[in-house]
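Coordinates in review
Spelled out from the first residue to the last, the chains are:
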Amino acid sequence: LALARARARARGGMVSTSGDLSLRRCGLKDKTVFLLESKKLRSSYDVLRLTALDLVQQLDVSLGEAREILAAVSSRVARRAERTTALHMKEAEIKDPRSVRTGLETLDDALKGGLRAGTVTELVGPPGSCKSQMCLQVALFATLPRNLGGLDGKVLYFDAENHFRAERLVQMAQARFPDRYLTVPLLHKLLGRVLVSQLSSLSHLESLLPSLEKTILEHDVRCIVVDNIAVLARTEYAIDETVRRQEVLGKVASYLKRLACAYRIPVVTVNQATATCGREKGGVMDMGAMKVRAAGGAEEDSMGAALGPKWAHYINTRVSLAYDGSEGRGLLSLVKSPFAPEMALSFSSAPAGVSEDVNAAESVAPDLLPHLSALQYLW
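Nothing here was measured: the structure is a model prediction, and the numbers come from that model.

1. Overview of the pattern of salt bridges
Under the criterion given, the structure shown has nine salt bridges. Of the charged contacts in the structure, one is a salt bridge between arginine 49 and aspartate 46, with a shortest N-O distance of 3.5 Å. Residue classification places aspartate 46 among the buried positions, given a relative accessible area of 15%. Between glutamate 206 and lysine 251 there is a salt bridge whose closest N-O contact spans 3.3 Å. Here glutamate 206 is found in helix 11 (residues 202-219), whereas its partner lysine 251 is found in helix 13 (residues 242-263), with 45 residues between them in sequence. For glutamate 206, a relative accessible area of 15% corresponds to the buried category. Judged by its relative accessible area of 45%, lysine 251 falls in the partly exposed class. Where salt bridges share partners, they join Glu206, Arg244, Glu247 and Lys251 into one cluster.

2. A short note on unusual backbone geometry
Omega for the bond connecting aspartate 227 with asparagine 228 falls within 30 degrees of zero, at 25°, which places this linkage in the cis form. Tracing the backbone through its elements, the reader meets asparagine 228 in the loop between strand 4 (221-227) and helix 12 (229-236). Look at lysine 40: it is not a glycine, yet its phi comes out positive at around 65°. Within the secondary structure layout, lysine 40 lies in the loop between helix 2 (30-38) and helix 3 (44-48). Residue lysine 40 is classed as exposed on the basis of its relative accessible area, which comes to 63%. Even without being a glycine, arginine 264 presents a positive backbone phi close to 50°. Within the secondary structure, arginine 264 sits in the loop between helix 13 and strand 5 (267-276).

What counts as what
- Residues numbered from 1 in each chain as written.
- Predicted model: local features only at pLDDT ≥ 70, side-chain atom pairs only at ≥ 80, totals over all residues.
- Heavy atoms only, no water.
- Salt bridge = Lys/Arg side-chain N within 4 Å of Asp/Glu carboxyl O.
- Buried < 20%, exposed > 50% of the residue type's maximum accessible area, 1.4 Å probe, protein only.
- Helix = DSSP H or I, 4+ residues; strand = E, 2+ residues; numbered from the N terminus.

Here it is in structure tokens:
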């Protein structure tokens, strides 16, 4: 019990390496859980803040029963450290793969199966670079049955910009798997597996964090998508509220990462690319196509991901995207990953979603080529 409380203090309220545990995961009887929740004690942290005497007074139970409750909860939180080997970790991944495919074969192969379970992947790029299309595509693959390369589960999809379109998801599914999605019941099953939550602010997302674990357990969620975290952060807080913004961002990122690790699910977030124009007059940045036009010898624009270094520390994998609508082609770059070296590929957007442009594997669109080096520094 002392160890559990010490971990709670050290983690600022989170009492487990896998996050604050719901009472239903603490081995308590349903009657006890109901009693605790009726007193607004809904998590392991809520219970471990109290002494046995506190529980006696609040729950009207005996001292022995109060101590049993504390012992049950603390035994689940303060588990002994477990040692494993790299071989055991690899065997577990092979036995029960949880990575979600993106539909881009070169990227999936580089990441050894897709966006890795237990990690946070960030899609970053300027507006119109197919980030939301990629989110829909990942959601589609997460819902697919195992025999089609999917995770056969549900997706928790947070939509901050009202970019989610059910009809676009159906279009992708029918274009990629024309032999499967032929009937209305199958399409309804597909759409029923994507749980969409509209977000109004970063504070709104923060308020939903305590309920995420329950949602994951009740709905068998196999993937979480947050589109777009940067919009939430940059529109809610003023310039003089940067410290508060970073504090909330850190809390959100930390919680998402803990959930990813605890339940071995991939988490996908969307960020924006920011640009600083050259010092000389005449420098123009086309954010949609990610191209720079500079007159009079202006310096090239430098680009970087928004939200700062604190957010970046929580990201395991970063994928940058740029898309030239006039050419109908884009450039995807894997710029940060503990699983693969840097790589880039050309893509196009079609009814089937974001597809690898195999014919252009050795030829990048001229308007995008100058930015390949800039994209490498997004991390």
